[in-house]
Each structure stands twice: as C-alpha cells, then as structure tokens.
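# Chain and residue survey
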Amino acid sequence: MSEIPIFSLEHICFSYPGGGRELFSDLNLSLARGERLGLYGPNGNGKTTLLRLILGLEKPGRGRVLAHGTPIRDEEGWRALRRKVGLVFQQAEDQLFCPTVLEDVAFGPLNLGLDPEEARERSLETIRLMGLDGFENRLTHKLSGGEKKLVSLATVLSMRPEALLLDEPTSGLDPESCARIVRILQNMDTARITVSHDLDFLCAVSSFTMRLEAGGLVRDI
Amino acid sequence: MLLITDNGGAVFDAPFADGQSFVHRRDPRVRLVTALFSAFCLAALRGLTAAGLGLALAVFVASIARLPWRPLLKRLLAVNIFMFFLWLTVPFSMETGTLFKIGPLTASEGGIRLAFLATLKTNAIMLLFISLAATMPLPVLGHALARLHCPDKLVCIFILAYRYIQTTGEEWRRMRIAASLRAFTPRFCPHTYKTLGNMLGILFVQSFERSSRIYEAMTLRGFSGRFQSVTMFRATVCDMFFVTLLCFALAGLVFLDLRI
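As the structure is a prediction and not an experimental result, all values here were calculated from the model.

### Re the overall build of chain A
What chain A contains, in helices and strands, is seven helices and ten strands. For chain A, whose C-alpha radius of gyration is 17 Å, the value lies close to the compact-globule estimate of 17 Å for 221 residues. When the backbone C-alpha atoms are referred to their principal axes, chain A occupies close to 45 × 40 × 40 Å. Taking all 221 residues of chain A together, 56% fall into the buried category. When contacts within chain A are restricted to residue pairs at least 6 apart in sequence, those whose partners lie at least 24 apart make up 66%. Accessible area for chain A stands at about 9,800 Å²; split by element, carbon and sulfur atoms hold 47% of it. Within chain A, one finds 26 positive and 31 negative side-chain charges whose respective centroids are separated by 2 Å.

### Observations regarding the pattern of salt bridges
Scanning all chains against the criterion turns up 19 salt bridges over all chains. The closest approach of N and O atoms between A:R64 and A:E10, which form a salt bridge, is 3.0 Å. Placement of the pair is A:R64 in strand β4 (residues 62-67) and A:E10 in strand β1 (residues 7-14), with a sequence separation of 54 residues. A:R64 gets classed as partly exposed once you look at its relative accessible area, which sits at 40%. One salt-bridge network, held together by shared partners, links A:R52, A:E58 and B:E216.

### A short note on the domain arrangement of chain B
Domain annotation of chain B identifies domain 1 (18-135 + 233-259) and domain 2 (147-229). Here the C-alpha centroids of domain 1 of chain B and domain 2 of chain B sit 36 Å apart.

### Thoughts on the sheet that holds strand β5 (residues 70-71) of chain A
Residues and elements named next belong to chain A. Spatial ordering of the open sheet is given by β2-β1-β4-β5, a layout of four strands whose pairing is antiparallel. Every other strand in the sheet has two partners, leaving β2 (24-31) and β5 as the edge strands with one partner each. Taken together, the five bridges between β1 and β2 define a ladder with antiparallel strand orientation. Its bridge partner lying in β2, F7 is registered against L31.

### Details of a nonpolar patch on the surface
A contiguous nonpolar patch, built from B:L77, B:I81, B:F84, B:F85 and B:L88 and spanning about 530 Å² of accessible area, is present on the exposed surface. In this structure, B:F84 sits in helix α3 (residues 69-89).

### A short note on the packing of aromatic side chains
Applying the stated rule across the entire model yields seven aromatic pairs over all chains. Relative to B:F242, the ring of B:F22 lies with its centre 5.7 Å away and its plane at 75 degrees, an arrangement referred to as edge-to-face. You can see B:F22 sitting in the loop between β2 (10-12) and α1 (28-44) and its partner B:F242 sitting in helix α8 (residues 237-259), a full 220 residues away along the chain. Taken together, the ring pairs connect A:F97, A:F107, B:F223 and B:F227 into an aromatic cluster.

Quick notes on the rules
Residue positions are given per chain, counted from 1 along the sequence in the order it is written. Chains and ligands are labelled by the order in which they are written, letters from A for the one and numbers from 1 for the other. Residue-level local features of this predicted model are given only where pLDDT is at least 70; pairs of side-chain atoms are given and counted only at 80 or more, and the full residue set underlies all totals for whole chains, interfaces and linings. Side-chain metrics rest on all non-hydrogen atoms present in the structure, leaving aside hydrogens and water. A run of H or I in DSSP counts as a helix once it spans at least four residues, and a run of E counts as a strand once it spans at least two, with each numbered from the N terminus. The reference for a compact globule is 2.2 Å times residues^0.38; the radius of gyration itself is calculated from the C-alpha atoms. For every residue, the accessible area obtained with a 1.4 Å probe (protein chains only) is divided by the maximum for its type, and the residue is called buried under 20%, exposed over 50%, and partly exposed between those limits. Note on contacts: a residue pair is in contact if any heavy atoms of the two residues lie within 4.5 Å. Areas reported here follow the Shrake-Rupley algorithm with a probe of radius 1.4 Å; residue values treat only the protein chains shown as occluding. In summary, the charge assignment counts Lys and Arg as positive and Asp and Glu as negative, without counting His or the chain termini. For this purpose, a charge sits on NZ of Lys, CZ of Arg, CG of Asp or CD of Glu. Here a salt bridge means any side-chain nitrogen of Lys or Arg lying within 4 Å of a carboxyl oxygen belonging to Asp or Glu. Where each domain starts and ends follows an automatic or database-derived domain assignment. Should DSSP find at least two bridges between two strands, the strands are taken to pair. Like charges are joined within 9 Å and nonpolar side chains (Val, Leu, Ile, Met, Phe, Trp, Tyr) within 5 Å, but only among residues with over 30% relative accessible area and no salt bridge; these make up the patches. A pair of Phe, Tyr and Trp rings is counted when the ring centres sit within 6.5 Å of each other, with Trp represented by its six-membered ring. The angle between the planes then sorts it: under 30 degrees is stacked, over 60 is edge-to-face, the rest tilted.

Below, the structure written as structure tokens:
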C-alpha cells in the first residue's frame, strides 16, 4: 500500500457564487511527502482557487478534502491542516502585516506555541537560510518587491510546514531574484505545489507538472 | 502622531523614539505604568506650589531623556493652544476676588489662579508622557500594552494601524498621481467633488478587501486573536530604582499638596 498523502481533494466540484460557470467538476488531486508538483494553465482557470480550496479558504460545492487520509469536517480540522500546510500568496504585500521582518517571520512559530526565545531563534535561522541576513529589523512596508517575496516565503517556512503551496512565487521578480528563489526551492525537499506561468521555472523546481484545463487537471508526461 | 504629508502619504511621526538616554533604556512596561501613575498624581494636585514643583520634576525627567527640543516645543505648543482658550474663559467665569474689568466682563483672582493651575498641570503631564511613553517605537508600545493586559483587540488594532496607515497613504498618493497624469486638476466644481468622492470610495473598498486578505493570511499562519511578539521585556534593578524614585517624588508632591 502506498503512503497516505499529506492532503487530497476528492471529486471536488466548485463554482463561485453567482459566477454561473463551473470552475471544477470532479477534480481529484493529492500530494504525498516529497512530491513537487508544478501547476500551470491559462488565467481564470482556477489555479489560485485550487490552492484556496486545499486550505479551506473556499468551500467546494461537492466533494471533500482529506488531511492525512481523514476527511475534514469542521473549522478545527482546517486549522489543524493550516498548521501543516503553508500558503505563499501571489501578493506578498498582503502576507506581511507585522511592523518588522523578524516579528513577521516569528508570527507563525509563536502561534504554533513556541516560546518567544525559540521563535526568535527559529526565525533568525530561517532569515539566514533565505540569505536575508541583517533584514530582521527592517520595516516590512519599506522592502522592495523582491525582498517582500523572499520574506513572505520565510514567514511560511519558519512554521516548518509538511507541504508548501506557492502561488506565482516569481511574478514580478528580476532574473537575479528568480534565480535565488529557484536555488532555495531546489535545496528544499518539502512537498509542494508551485503555480506559475513560467514553464522553465516550473520544470526547474518541480518533479512533475500538470496543466489545469477548463474543469480538470491533465498530467504532463 | 499621525501626519498627512504634502504628497498625500501618511506617516506615523515618532521624533522621540530613537535615543539612547537613561530613560530610553528603561523597560517600556515600567515607563507606561509610571506615566499613568504620574498623570493621576499630577491631576490630583490643588495648590500652585505643588503643581509648580510637579512641572519642575517633569522638566527634570525630560532633560534626562534628552528629547530633541524642536519637536518637543511643537507638541507643547499644540497643547497650549487649548490652554489659551481656557485663559479666554475661565478667569471671567468665577466670582471670587475681582481683579479688573473689561466692559461687562470681570476677571477674578480665583479664575486666574485656576487657569494657571490647569496650565501648570497640563504641561507637566504632557512633558512626562512625552518623556516616558513617546520615547519608544510604536510597535514596542503596542507589545508593552499587550504585556500589561490591555485588551487583545485594541492591541491588534493599534499594531495593524501602524503597519497599514502607510500602505493606505501610498495607495491614495498613487491614485492622485494617476489622476493628475490624466490632466486632473482639483477645482471648486462638481467634477472635482465627484472625482475625489470616487477616489475615496475606491480607497475604502480596496482597504476593506485588503483587510479580508490580511485576515486570511493571518488565519493561515495560525492566528487566533492574540498578537504575540518575540520582543522580550526585562525589568532590571535600575528600572525599579527609577520607578521607585519617581513615584516617591510624586507621592511627596501629593502629600505636600494636602498639607498646605
């Protein structure tokens, strides 16, 4: 028997309220430890919505989401899954809400129940890992676009998630910052779903890719 | 503390927060509690002598804090403008001891004494608050309030406001630039009012939407209502010494005031 996936979507149907068109009909997807999926597809086909469905930010019309093989039934279940699966938003601006970088990176670990000393150490370690040494006391709203992206990735990594969901991690970045993100992702064996329009980037950081067609997922060979 | 600058951006102005003086290095929680205690003590004084000594104490603490004098005078000027209006009315609204008359108005000794007392106390409290509470960065103030068991919601609003006032200000500035690039010049006409109204409306809608996105980001990282912090506060012997000395001085003032 194969390993139980970290999370899986089963027979998901979804359409936005009042949106009319059905975004997904009978969509199935799962992610096991160490799997690195790259996801692409035309605008408006629901890539971001798919990530939001996994963490319960959108609720499916039909179908269910399982965490470690157990169906999620209530808010408590979602909360437990969110502690293990991290989502990095496309808009880094919305992810950084604390005054300083250190406070922001430590926000997740503190909520996981670490004491301030541990949270501080883990955050500094994550900041170093991202090559952001010396950024800890910078003000988040004064960072450049690329720096915001890297810090927002750090805020999720400091929670040591089992899986990562990355929504367009390189959009709007210069080639140098892109290369930095690629390096960081290649050195990380955390299971992840990466969403991007940049196929070269996707192939560099993923072990397999899928295309989101109207209504469903198609695996590339 | 909130300024709307000429180019439309908004910033929190904290001119006293940076510094390495003896006061700056004291535990923020200790400073906040002391500031509050001293405000109560000074407000309770009834005699001019005690109030004058209180002001002298406040000047002394401010001098230890080595505050930049220009912003300090600006803040004091702001509060004394209020006192000016007090001076316009209070001396003429009491009956005790006529001093002089301007037309139908009678200035009384008691009234002038009262206005003078209020001025002394207000300036003393203001100076102590600036020296003790305004000498820490705003996020630190937020976290210190949290440690002092201020309600979580208030602390949350305070910290997030500090973070997002900037973003909202920048958004407003971007919109104004975009409008001016399309040849918009504000005039006294319906078109201007309508445009500004639309811009303000968009600002509210965008802020509302942003707040829901931020709330999502916070729940995704395990937020459950309490803003926690890695900032650690440690009260030292020096802090205790400082607070004890100051509180004794204030208690002495109150005692002196009761005796006279």
